[in-house]
There are 2 protein chains.
Amino acid sequence: MVLMNSQPPKLAILCGRGALPERLAHFCVNEGRDYLILAFEGQADKEFISKHPHAWSSVGQIQQCLEILKDHQVGELVFAGKFNRPSWAEIKPDRLGAQWMAKLVGKVFGDDSLLRGLIKLIEENSQIKVLSPESIIGHDLLAPRGVLGKVNPDESYFQDIIHGRKVAQTLGIVDVGQSVIVQQGLVIAVEAIEGTDNLIERSIPLLKKGPKGILVKMVKPQQDTRVDRPTIGLKTVEQSLKAGLGGIVMEAEGVILMQANDSIKLADREGLFLLGVTDDEEIS
Amino acid sequence: MVLMNSQPPKLAILCGRGALPERLAHFCVNEGRDYLILAFEGQADKEFISKHPHAWSSVGQIQQCLEILKDHQVGELVFAGKFNRPSWAEIKPDRLGAQWMAKLVGKVFGDDSLLRGLIKLIEENSQIKVLSPESIIGHDLLAPRGVLGKVNPDESYFQDIIHGRKVAQTLGIVDVGQSVIVQQGLVIAVEAIEGTDNLIERSIPLLKKGPKGILVKMVKPQQDTRVDRPTIGLKTVEQSLKAGLGGIVMEAEGVILMQANDSIKLADREGLFLLGVTDDEEIS
């Protein structure tokens, strides 16, 4: 009986796109932990979801979501993957959804304040605890500090690393994007809502000959890292190689590094550096 | 003789792309002012240049440029139009060009510090005065404060205007871009080096249904407005309409408004607002 009580509560995975929801689901399967995938119309990969215990809802149906979670006796909740931000017109709110939207209307906000409002609403209207993915899977989900793999950034990259970090942090203050591409001292492209893959893709014609560019991805200062951590994975490495970038810089203990082994293996093979930096350390 | 002496010195127009070099050339023709277009390989429109007194040089050939200007007895100089930033590899420097590059190597810089270094070098090595386009053509080249034309931004735009202005200013501090597109409280796209036309173009699939987005263009705080003023013109209005934007916000007395009559006429006809704001006024 003691063992039974020490079981963690049932986990709901609020499921967006990308590899993280799957990793969390497999973690639950491996640990024998009860879980439920809560998926939203137009947001999640149907094939993956069909293989796991799941329920569907719509964005804005917050009351309905909380009822589903209550019915399934969910005790903890994690946001996982990337969510498309719907327009106001696409949101079909129920009572709680309308309450959430009413608080937002007329306010200046980015993705971050939108999600913080949602968490507050969940916590005020249920007993469910909102957790970060790394508090479930473990802290090694986050990029460590220093060079990952075998490729070291040579000195010629240092100024671009420092500049990119500064620009990404400055952008973060006004709740814009998390990633920038820098080359030869110049910011080539800045992410807003297009996503990092599209950012890299569109930088290709903007990159010049000579010393290679780099991707820098930092956490926004005010970001609620429980629900909206920037993520890097194998696809980011593949895209960066395709664009001819020389390396990827990510905030250590801040950015989620998915498929770490495969990402590092590919980066090593192709000569791309992977570097975890803190938000204020000296780079040299 | 007195009248002869009161003639302004010969003006060199350092010629990039866009409508501004042509406007300056026509201004000189109309005023009977001596002028010379200094064009750079791969930077300027050959057809336009062929119709005016001109000379060619290459980026990095600063000494050669100064000699051309001296040979033509140029006394004043204006940067006009948009210049493509070449990669280090493409610059073929002469002695002064190398000196300019040597000062820049290893520095973190954007377009702005690059141009400031160039002006300093010109002023240190010649008697030529670098002027702003509006000090030649007149201050009405710049966007005025307030609503231009007949379309007023309704209240629903105010938050996006305020937010866009703040984000554009914040970006300017780290010498990134000058323009952002905002819709429904969210920054849709941020300009780095792709140019405003490309910024608008790539925002099209990112814009949502519902209240329209806006383009906001501000001057960077540290920008040397003699050589690098952000510009808006008929093409910006056309592109904005194509993207379904609701208005264009520009820094009053900061952004150059080209083809003002045609731009306002088109905006009026299609219901797009044009608004000049200062960098700190209250918007209401």
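- Taking an unreviewed UniProt entry as the reference, chain A is identified by name as UDP-2,3-diacylglucosamine pyrophosphatase belonging to Candidatus Nucleicultrix amoebiphila FS5.

What to know about the sheet that holds strand β6 (residues 146–148) of chain B
Residue and element names in this part refer to chain B.
- Pairing is mixed across the open sheet formed by 6 strands, whose spatial order is β6-β13-β11-β9-β7-β8. With partners counted over all chains shown, the strands left at the sheet margins are β6 and β8 (186–190), one partner each. Put simply, the sheet's adjacent strands are angled 25° from each other on average, direction ignored.
- By the bridge criterion, 4 bridges tie strand β7 (residues 179–183) to β8 in an arrangement that is antiparallel. Across the sheet, Gln183 pairs through a bridge with Leu186, a residue of β8.

Looking at the environment of Lys217 of chain B
Residue and element names in this part refer to chain B.
- Relative to the helices and strands, Lys217 resides in strand β9 (residues 214–217).
- Sequence separation between Lys217 and Thr231 is 14 residues, and the spatial gap between their C-alpha atoms is 8.6 Å.
- Of the polar contacts made by the side chain of Lys217, one reaches the side chain of Thr196; its length is 2.7 Å.

Notes on the packing of aromatic side chains
- As enumerated under the stated definition, the model contains 2 aromatic pairs over all chains in all.
- For the pair Tyr157 of chain B and Phe273 of chain B, a centre-to-centre distance of 5.0 Å together with 65° between the ring planes defines the contact as edge-to-face. Of this pair, Tyr157 of chain B sits in the loop between β6 and α8 (158–173) while Phe273 of chain B sits in strand β13 (residues 273–277); the two residues are 116 residues apart in sequence, bridging distant segments of the chain. Taken individually, Tyr157 of chain B and Phe273 of chain B each receive the classification buried, so the pair is uniform in this respect.
- Over the ring of Trp56 of chain A we find Lys46 of chain A; its NZ or CZ atom is 5.9 Å from the centre of that ring.

Scoring rules and cut-offs
Residues numbered from 1 in each chain as written. Chains lettered and ligands numbered in written order. Predicted model: local features only at pLDDT ≥ 70, side-chain atom pairs only at ≥ 80, totals over all residues. Heavy atoms only, no water. Pairing = 2+ DSSP bridges. Helix = DSSP H or I, 4+ residues; strand = E, 2+ residues; numbered from the N terminus. Axes fitted to C-alpha atoms, helices over the stretch in contact; angles between N-to-C directions. Polar contact = N/O pair within 3.5 Å; in protein donor to acceptor, adjacent residues only side chain to side chain. Phe/Tyr/Trp six-rings, centres within 6.5 Å; stacked < 30°, edge-to-face > 60°. Buried < 20%, exposed > 50% of the residue type's maximum accessible area, 1.4 Å probe, protein only. Lys NZ or Arg CZ within 6 Å of the ring centre and 35° of its normal.

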